[in-house]
Amino acid sequence: MDDAPFIDLADPLLSIRSQAIKDVRARSWFARTPYGIAVLRYDDMRHLLLHRGLRQGSHEWPAHNNVTGVFSDWWSRTILVQEGADHARLRKLVNPAFAPSIIAAMKPEFERFAVELVDDFAADGRCDFMADFADPYAARVICHVLGLPLDEADRILKLSATMGLALGLSFKDHEVRINEATMGMFAYADELVANRRSVPGDDFMSMLIAASEGGDQLSDQELRDMILMLVFAGIDTTRNQLGLGMATFLDHPEQWELLADRPDLAPQAVEEVMRVRPTITWVTRQAIADFDYKGLTIKEGTTLHLLAEAAGTDEEVYEAGFDIAAERKRHFGFGGGMHHCLGHAIARSDMAIAFTVLPSRLKSIHAAGPGEWLPDSGNTGAVSLPITFEVR
């Protein structure tokens, strides 16, 4: 263990996509980090995501950053970090709200949002892709999913974006703002629940409030926590992933043209983007008992960060490059095992529609400056992404 390579995952200047990470991956399947162990290769990540000696490890993230407060308290209760019977119960209660028929019925509205946003800036020949498309699109989508008025989109976008800083390496720097945003989101959730209980409908949120199984229902606290997770995760990861997708296509303009010619490849484009440049750059697990893996003794309590990008670009498994038409093994951008992302079907649908509409309208896309970026580790993405283009 002491002889293993070291990666400073706590360094905000470290890029998960750097050659240094690739060099370590070529030498070893794992590396030491300030948090515990980083897992770098595809087959090891696939195996360890399902290992019975590991539990979801993200509950330790606030402690790793010496952060306390309302966000930390909420984080410790969310479905993301629950285990065993508690986790299974919560998923069973909310799964009906994610039925394929419900998601399919939302797609026309997703397309309308995308078209309207592109209409707003297309004639200018330039835009900030985050401010003008990714951010408002993700917010409008989650408003529609949850049955919220679209004029609430800006409000919940701002709260969600601030909460999202908790999942990056600057967590401690923004502790006060993150806790304030979390309190603001709770206040909004309470308003929403009170409204739906007085005037129930047939929307996703009403279904969630009424969710029951054999007489079991979400408690008031579980309902509040679930709403925050759905709004927060639904907006923040989608907006970040769309920005990372556009940045990837800026580097591969021929793939953008292929997507314009072959809109049927949009779902595959989403998967390829998430393979090579996921917003969630690592999936966290924690050992619940001592166990041996490939000659390494992993002690109880050890945190493992399974690097999704390193695994997704492992050249022992994937041919190098970015190709939306290629058949690939599954990636780990949505995690895996029992903690596979609950909202993955919605995220896949809304991003696929975005990557159908955008190439059909915009051509000759180019970066119009470096943009502004979150650290390329933890949960990452663009803060701003200026681009130029021509209209088809």
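Just above, that's the structure.
Values in this document were obtained by computation on a predicted structure and should not be read as measured data.

A. Inspection of the overall build of the chain at higher detail. A tally of helices and strands in the chain yields 15 helices and 14 strands. At 21 Å, the chain has a C-alpha radius of gyration in line with the 21 Å of a compact globule built from 392 residues. Across its three principal directions, the C-alpha atoms of the chain cover 55 × 55 × 40 Å. Taking all 392 residues of the chain together, the buried fraction comes to 54%. For the chain, restricting intrachain contacts to residue pairs at least 6 apart in sequence, the fraction spanning at least 24 positions comes to 74%.

B. Region of interest: the side chain of Thr162. When you line up the elements, Thr162 lands in helix H8 (residues 153-164). Accessibility expressed as a relative area gives 13% for Thr162, which makes it buried. Once you skip the residues sitting within four places of it in the chain, Thr162 turns out to touch Arg177, Ile178 and Ala181.

C. Structural detail: the pattern of salt bridges. Enumeration over the complete set of coordinates arrives at 22 salt bridges. For the salt bridge of Asp43 with Arg46, the shortest nitrogen-to-oxygen distance reads 3.7 Å. Of the two residues, Asp43 and Arg46 are both situated in helix H2 (residues 42-49); the distance of three residues between them amounts to about one turn of the helix. Overall, Asp43 belongs to the partly exposed group, its relative accessible area being 38%. Since its relative accessible area comes to 43%, Arg46 is described here as partly exposed. In this structure, Asp225 and Arg77 form a salt bridge, with 2.8 Å as the shortest nitrogen-oxygen distance.

D. Region of the structure containing the sheet that holds strand E11 (residues 362-367). A sheet is described by the order of its strands in space; here three strands give the open sequence E4-E14-E11, paired in antiparallel fashion. Edge positions in the sheet fall to strand E4 (126-128) and E11, since each has one partner strand and no second. Each strand axis lies, on average, 30 degrees off the axis of its neighbour in the sheet, ignoring direction. Direction of pairing for E11 relative to strand E14 (residues 386-391): antiparallel, over a ladder of four bridges. Counterpart to Ala367 in the pairing with E14 is Ile387.

E. Representation of unusual backbone geometry within the structure. Backbone geometry at Asn66 places phi at a positive 55 degrees, although glycine is not the residue there. Asn66 sits in the exposed class, given a relative accessible area of 60%.

F. Quick look at the packing of helix H11 (residues 220-251) against helix H12 (residues 253-261). Contact geometry for H11 and H12: axes closest at 5 Å, N-to-C directions at 110 degrees. Relative to H12, the element H11 is oriented roughly perpendicular. Here Met246, Phe249, Leu250 and Asp251 of H11 come into contact with H12, specifically with Pro253, Gln255, Trp256 and Leu259. Classifying every residue of the contact of H11 with H12 by side-chain character gives six nonpolar, one polar and one charged.

G. Seen up close, the nonpolar core. One finds Phe129, Phe133, Tyr137 and Phe249 to be the most contacted residues of the largest nonpolar core, which totals 112 residues. For this core, the element with the highest residue contribution is H11, accounting for 14 residues. Apart from the residues within four sequence positions on either side, Phe249 is in contact with Gln255, Trp256, Leu259, Ala269, Val273, Phe322, Ile324, Phe355 and Ile365. Trp29, Phe291, Ala311 and Tyr318 belong to the second-largest nonpolar core, a separate cluster that totals 22 residues.

Reading the values: the criteria
Chains are numbered independently. Their residues run from 1 in the order of the written sequence. Owing to the predicted nature of the model, reporting of local features is limited to residues with pLDDT of at least 70; listing and counting of side-chain atom pairs is limited to 80 or more, with chain, interface and lining totals taken over all residues. Derived side-chain values reflect all non-hydrogen atoms in the structure, with water molecules and hydrogen atoms excluded from consideration. Comment: elements are numbered from the N terminus, with helices defined as DSSP H or I runs of at least four residues and strands as E runs of at least two. Between the two quantities, the radius of gyration covers C-alpha atoms and the globule rule is 2.2 Å times the number of residues to the power 0.38. Three exposure classes are used, based on accessible area relative to the maximum for each residue type with a 1.4 Å probe and protein chains only: buried under 20%, partly exposed in between, and exposed over 50%. Only heavy atoms enter the contact rule, under which two residues are in contact if any of them lie within 4.5 Å. Put simply, a salt bridge is a Lys or Arg side-chain nitrogen that is within 4 Å of an Asp or Glu carboxyl oxygen. Between any two strands, at least two bridges found by DSSP are needed for them to pair. Note on geometry: axes are lines fitted to C-alpha atoms, helical ones only across the stretch in contact, with angles between N-to-C directions running from 0 to 180 degrees. With respect to orientation, any angle under 35 degrees is reported as roughly parallel, any angle over 145 as roughly antiparallel, any angle of 65 to 115 as roughly perpendicular, and every other angle as oblique. Each residue gets one of three labels, nonpolar for Ala, Val, Leu, Ile, Met, Phe, Trp, Tyr, Cys and Pro, charged for Asp, Glu, Lys and Arg, and polar for the others, Gly among them. Each nonpolar core is a collection of buried residues, namely Ala, Val, Leu, Ile, Met, Phe, Trp, Tyr and Cys, held together in the definition by side-chain atoms within 4.5 Å.

Interpretation in functional terms is not warranted from these geometric data alone.
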